[in-house]
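Commentary on secondary and tertiary structure
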Amino acid sequence: MSTLSNSRNIFWQECPVGKHERQKLLNQKGCVVWITGLSGSGKSTLACSLSRELYSRGKLSYVLDGDNLRHGLNRDLGFKPEDRTENIRRVGEVGKLFAEAGLICIASLISPYRKDRDACRTMLSDPNFIEVFMNMPLELCEERDAKGLYKLARAGKIKGFTGIDDPYEPPVNCEIEIQQTGGFCPTPGAMAGQVVSYLENKGFLQYQ
Ligand SMILES: Nc1ncnc2c1ncn2[C@@H]1O[C@H](COP(=O)(O)OP(=O)(O)OP(=O)(O)O)[C@@H](O)[C@H]1O
Ligand SMILES: [Mg+2]
């Protein structure tokens, strides 16, 4: 049987417990905090710090980290443009499920292409997709080179590395931008604080 004929016979099953009830149970509102930026810009660092801060405030979050997902859900995907697109689409769909579950889903992925991130924004209703741009200079990320990947990319041992020989398209309308001030990067706690303030101001950390 072809996939096409299968998809014609798919129905939507309503469940008796809805998003609002789950949000009320958790006293928070489900959303996706989407952290994008170059490798080494601090996405995972922010995701971990944010998750910890939310936990300490009694808020339930879950981190979808690009690297971790490539060990499982996305293990069949590489880094060519169509694989990157499919990678982001899947994470967007999973993020949507987590938000629907009432969680604050923190997705940390390079997600270099604007159209892929915008497709995820469209998947969710706009206020529930919070794009965080780690606006760190390439020089800083390359200097950090926590995984040694920039060195390999510069040596031509990795092809299609974002920022070196594959493009990174910065957001044009992100909700939050994290950047250096006076040549210094904010601490992980300060970065998390910036996101928590946004979530608090927009009413995500309570249910009414
Ligand atoms: N705010 C910060 N202050 C100081 N060091 C930081 C900060 N954020 C991240 N770092 C350091 O920079 C390095 C890269 O950070 P991180 O692994 O979070 O980047 P990433 O964006 O997740 O990269 P990748 O896309 O490769 O997973 C780490 O060694 C981390 O400790
Ligand atoms: Mg990371």
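Structure first, text after, so check above.
Structure report, in brief. (Residues numbered from 1 in each chain as written. Chains lettered and ligands numbered in written order. Predicted model: local features only at pLDDT ≥ 70, side-chain atom pairs only at ≥ 80, totals over all residues. Heavy atoms only, no water.)

Next up on the list: the sheet that holds strand E3 (residues 104-108). Spatially, 5 strands are ordered E2-E3-E1-E4-E5 in an open sheet, and the strand pairing comes out parallel. The open sheet is flanked by strand E2 (61-65) and strand E5 (176-179), the only strands paired with a single partner. Strand-to-strand, the axes of this sheet are offset by a mean angle of 20°, without reference to chain direction. Pairing between strand E1 (residues 31-36) and strand E4 (residues 129-135): 5 bridges, direction parallel. What sits directly across from Thr 36, in E4, is Phe 133. Helix-sheet contacts for helix H3 (residues 43-56) involve E1, E2, E3, E4 and E5, and the interaxial angle to E3 is about 165°. Its contacts with the sheet put helix H9 (residues 188-201) on E1, E3, E4 and E5, and the angle it makes with E5 is roughly 165°. (Pairing = 2+ DSSP bridges. Helix = DSSP H or I, 4+ residues; strand = E, 2+ residues; numbered from the N terminus. Axes fitted to C-alpha atoms, helices over the stretch in contact; angles between N-to-C directions. Contact = heavy atoms within 4.5 Å.)

It is worth spelling out the nonpolar core at this point. Counting 31 residues, the largest nonpolar core has Val 33, Leu 46, Leu 50 and Leu 199 as its most contacted members. Put simply, the parts of the chain that give this core at least two residues each are E1, H3, E3, E4, helix H7 (138-144), helix H8 (149-154), E5 and H9. For this core, the element with the highest residue contribution is H9, accounting for 6 residues. Each residue touching Leu 50, except ones within four places of it in the same chain, is listed here: Val 33, Ile 106, Ala 192, Val 195 and Val 196. Counting 14 residues, the second largest nonpolar core, distinct from the first, contains Cys 105, Ala 107, Met 123 and Phe 129. (Core = buried A, V, L, I, M, F, W, Y, C linked by side-chain atoms within 4.5 Å. Buried < 20%, exposed > 50% of the residue type's maximum accessible area, 1.4 Å probe, protein only.)

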